[in-house]
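So you can see what is in the structure, the chains are spelled out below.
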Amino acid sequence: MMRTLFALAIAACLASPLAAETLRMAVTTSFHNSGLSDVLLPEIAKDTGLDVQLVVVGTGQAIRLGEAGDVDAILVHSRKAEEAFLAAGYGTHRREIMYNDFAIIGPSSDPATIAEDAETATDALRRIANVQAPFASRGDDSGTHKKELALWAAAGIDAAQRTPDWYKEAGAGMGATLNTASGLNAYVLADRASWLNFANKGELALLFAGDPVLFNQYAFLPVNPAKHAHVKAEAAAMLEGWLTSPRAAQLINGYTINGETLFAFNAE
């Protein structure tokens, strides 16, 4: 009887596939909300055997997770913060993967007339501030929030001028902030991919885009094993190889919603 049970156990072990190696990667909510991760992760597992577990947070929190060694790599979109992460020795290098753009979404009625009159992104924000139209900010130290704050600064609108009666901080990810904007019929800065994949559009529409300052680059940064010896550097290198491969390019460039491409692959 014992021999039979032992033989069955051995057979079960031989029949079952080897467990995939797990890698933890902190990614932005905008990347996750776009739906692209649902396309890429199964293909990564199939091609490399890696089980990539996503920690979905804003860029600021993703970088803090990398600094603490709580993830093996990060995929984020705020170059200034990424360069500070590297300068402090927390990452080994930065590899650009893909890009899209930011857009200003707002009520179809467009009380600030940004669709018709704004010439630049900063001009659009000035017009919104001038009429004190409702504006929903992520307010979460994400890459999108950092870009929004930089645009307000360039527009000459400081924090004291962004009063709570019209400027609302959601303190949440891109999807939740778009929901806030939809509920308030407010303006909001969003990445194009999240907007296109967003279901609860309500009376909102894409009103302003195309300013070069709204370019939105995503980059992959492995966590430095010299800082945290436990991080899976080899697995991160394998993932980077896949993310910069022709297969990744095909999937990223081929990901569309209603015929519109959400990301453009630009890894070298």
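Predicted, not measured: the structure shown is a model, and the values here were computed from it. (Residues numbered from 1 in each chain as written. Predicted model: local features only at pLDDT ≥ 70, side-chain atom pairs only at ≥ 80, totals over all residues. Heavy atoms only, no water.)

Estimated volume of the largest pocket: approximately 300 Å³. Lining the largest pocket are 16 residues, and of these His 77, Ser 78, Arg 79, Lys 80 and Lys 147 lie nearest its centre. Of all the elements in the fold, those that place two or more residues in the lining of the largest pocket are helix H5 (79-87), strand E4 (95-107), helix H8 (143-155) and strand E9 (215-222). Here the lining of the largest pocket spans two domains, and each of domain 1 (2-99 + 216-265) and domain 2 (101-214) adds at least three residues to it. (1 Å grid on protein atoms, 1.4 Å probe; cavity = no way out; pocket = protein on both sides within 12 Å on 5 of 7 lines; lining within 4 Å. Points joined across faces, edges and corners; volume = space filled by probe spheres on them. Helix = DSSP H or I, 4+ residues; strand = E, 2+ residues; numbered from the N terminus. Domains from an automatic or database assignment.)

Looking at the secondary structure, you find Glu 43 in helix H3 (residues 36-48). A sequence separation of 165 residues divides Glu 43 from Phe 208, and the C-alpha atoms of the two residues are 34 Å apart. Glu 43 has contacts with Trp 242, Arg 247 and Leu 251, leaving out every residue within four places of it along the chain. (Contact = heavy atoms within 4.5 Å.)

To continue, consider the pairing of E9. A regular strand places its side chains so that they alternate between the two faces of the sheet. Most of E9 is tucked away: seven of the eight residues are buried. Alignment of strand E3 (residues 73-76) against E9, held across four bridges, turns out to be antiparallel. When the bridges of E9 are listed, Val 76 appears paired with Ala 219. In the sheet, E4 pairs with E9 via six bridges, with the strands oriented antiparallel. Directly across from Asn 100, in E9, lies its bridge partner Asn 216. (Buried < 20%, exposed > 50% of the residue type's maximum accessible area, 1.4 Å probe, protein only. Pairing = 2+ DSSP bridges.)

Quick look at the pattern of salt bridges now. Scanning the entire structure with this criterion turns up 13 salt bridges. The partner of Glu 96 in a salt bridge is Arg 94, and the shortest N-O contact between them spans 3.0 Å. A relative accessible area of 19% places Arg 94 in the buried class. Where Glu 240 meets Arg 95, a salt bridge forms, and the shortest distance between an N and an O atom there is 2.9 Å. With Glu 240 in helix H11 (residues 233-243) and Arg 95 in strand E4, the pair connects residues that are 145 residues apart, well separated along the chain. Here Glu 240 falls in the buried class, since its relative accessible area comes to 8%. Given the relative accessible area of 25%, Arg 95 is considered partly exposed. Through salt bridges with shared partners, one network takes in Arg 79, Glu 82, Glu 83, Arg 94 and Glu 96. (Salt bridge = Lys/Arg side-chain N within 4 Å of Asp/Glu carboxyl O.)

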